[in-house]
Amino acid sequence: MNIDWNAFTPWPALAGGLLIGLAAAVLIRFAGRIAGISGIVGGLLRPVAGDRAWRLAFLGGLLVAPWVYALLAGPLTPHIDAGWGTLLAAGLLVGIGTRYGAGCTSGHGVCGLSRLSLRSAVATAVFMAAGFATVFVLRHLL
């Protein structure tokens, strides 16, 4: 295994992790809600009175943050080694997985683990194992 030291960016990664943790902590402290993206989006599909504004604000922040970063640090040039079909299949599988797992990686991995939830620990372990297995199969067996 080789590490791409040119792409190794510990400080921006640390800052991003701290911001994710801060956003999750603020949301649970002041709104009593878990920062699980699939749950936030799902709540918009079946709206409840008085429950829409915070969901839109949270999602708006997710959409605006990359633009703010680009203004401060310069534009990003992501490189994705997958075609549209692969990305579409992956998105659908992740969506199905969040329904079966009763949450997503942000809800279980960030918020659930910080609350010491056994269910979230199991879900996160399954997410990670599935990711490792997928990468292994796609990169080494196919």
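Structure first, text after, so check above.
The following paragraphs examine the structure supplied in this document. Note that the coordinates shown come from a computational prediction; the quantities given were computed from them, not determined experimentally.

## A closer look at the overall build of the protein
Right, on to step 1. A tally of helices and strands in the protein yields six helices and zero strands.
Right, on to step 2. Reading the secondary structure of the protein in the N-to-C direction produces α-α-α-α-α-α.
Right, on to step 3. If one aligns the C-alpha atoms of the protein with their principal axes, the spans along those axes are about 50 × 40 × 30 Å.
Right, on to step 4. Buried positions account for 18% of the 142 residues belonging to the protein.

## A few points about the layout of surface pockets
Right, on to step 1. Of the pockets and cavities examined, the largest pocket occupies roughly 700 Å³.
Right, on to step 2. Looking at the lining of the largest pocket, the elements that each hand over two or more residues are helix H1 (10-31), helix H3 (52-73) and helix H5 (105-114).
Right, on to step 3. It is H1 that contributes the most residues to the lining of the largest pocket, eight residues altogether.
Right, on to step 4. The residue inventory of the lining of the largest pocket, partitioned by class, reads 16 nonpolar, four polar and no charged.

## Considering the state of the cysteines
Right, on to step 1. Under the criterion given, the structure shown has zero disulfides.
Right, on to step 2. With no disulfide partner, Cys104 has as its closest neighbouring cysteine sulfur the one in Cys111, 8.5 Å distant.
Right, on to step 3. The buried category is assigned to Cys104, whose relative accessible area is 9%.
Right, on to step 4. Assessed through its relative accessible area of 7%, Cys111 is described here as buried.

## Considerations on the packing of aromatic side chains
What describes a pair of aromatic rings is the distance from one ring centre to the other and the angle between the planes of the rings.
Right, on to step 1. For the coordinates displayed, the defined rule picks out one aromatic pair.
Right, on to step 2. Sitting above the plane of the Phe30 ring, Arg29 keeps its charged end 5.4 Å from the centroid.

## Considerations on the packing of helix H2 (residues 37-45) against H3
Right, on to step 1. Put simply, H2 and H3 touch, their axes get as near as 9 Å, and they point 130° apart. In terms of axis orientation, H2 runs oblique to H3. Our pair here, H2 against H3, has a crossing hand that is left-handed. For the pair formed by H2 and H3, the contact residues are Ile37, Gly39, Ile40, Val41, Gly43 and Leu44 on the first element and Arg52, Trp54, Arg55, Leu56, Phe58, Leu59 and Leu62 on the second.

## Structural notes on a nonpolar patch on the surface
Right, on to step 1. Judged by side-chain polarity, Leu63, Val64, Val68, Leu71 and Leu72 come together as a nonpolar surface patch covering roughly 570 Å² of accessible area.
Right, on to step 2. Locating Val64 in the fold gives a position in helix H3.
Right, on to step 3. Overall, the relative accessible area of 46% leaves Val64 in the partly exposed class.

## Some points on the nonpolar core
Right, on to step 1. Among the nonpolar cores identified, the biggest contains eight residues, and these are Ala24, Leu27, Ala35, Ile40, Trp54, Phe58, Leu59 and Cys111.
Right, on to step 2. Listing elements by their share of this core, those giving two or more residues are H1 and H3.
Right, on to step 3. Top element by residues in this core is H3. It accounts for three residues.
Right, on to step 4. Once you skip the residues sitting within four places of it in the chain, Cys111 turns out to touch Ala24, Ile34, Ala35 and Ser106.

## Some details on unusual backbone geometry
Right, on to step 1. Here the phi dihedral of Ala102 falls at roughly 55°; this positive angle occurs in a residue that is not glycine.
Right, on to step 2. Its location among the elements puts Ala102 in the loop between helix H4 (84-100) and H5.
Right, on to step 3. Phi at Leu116 is positive, roughly 60°, even though this residue is not glycine.
Right, on to step 4. Relative to the helices and strands, Leu116 resides in the loop between H5 and helix H6 (118-141).
Right, on to step 5. The class of Leu116 is exposed, set by a relative accessible area of 77%.

Thresholds, definitions, all that
- Residues numbered from 1 in each chain as written.
- Predicted model: local features only at pLDDT ≥ 70, side-chain atom pairs only at ≥ 80, totals over all residues.
- Heavy atoms only, no water.
- Helix = DSSP H or I, 4+ residues; strand = E, 2+ residues; numbered from the N terminus.
- Buried < 20%, exposed > 50% of the residue type's maximum accessible area, 1.4 Å probe, protein only.
- 1 Å grid on protein atoms, 1.4 Å probe; cavity = no way out; pocket = protein on both sides within 12 Å on 5 of 7 lines; lining within 4 Å.
- Points joined across faces, edges and corners; volume = space filled by probe spheres on them.
- Nonpolar A, V, L, I, M, F, W, Y, C, P; charged D, E, K, R; others polar.
- Disulfide = S-S within 2.5 Å.
- Phe/Tyr/Trp six-rings, centres within 6.5 Å; stacked < 30°, edge-to-face > 60°.
- Lys NZ or Arg CZ within 6 Å of the ring centre and 35° of its normal.
- Axes fitted to C-alpha atoms, helices over the stretch in contact; angles between N-to-C directions.
- Parallel < 35°, antiparallel > 145°, perpendicular 65-115°, else oblique.
- Left-handed = near helix turned anticlockwise from the far one by under 90°.
- Contact = heavy atoms within 4.5 Å.
- Patch = residues over 30% accessible without salt bridge, like charges linked within 9 Å, V, L, I, M, F, W, Y side chains within 5 Å.
- Areas by Shrake-Rupley, 256 points an atom, 1.4 Å probe, with all protein chains shown as cover.
- Salt bridge = Lys/Arg side-chain N within 4 Å of Asp/Glu carboxyl O.
- Core = buried A, V, L, I, M, F, W, Y, C linked by side-chain atoms within 4.5 Å.

Geometric values such as these leave the question of function open.
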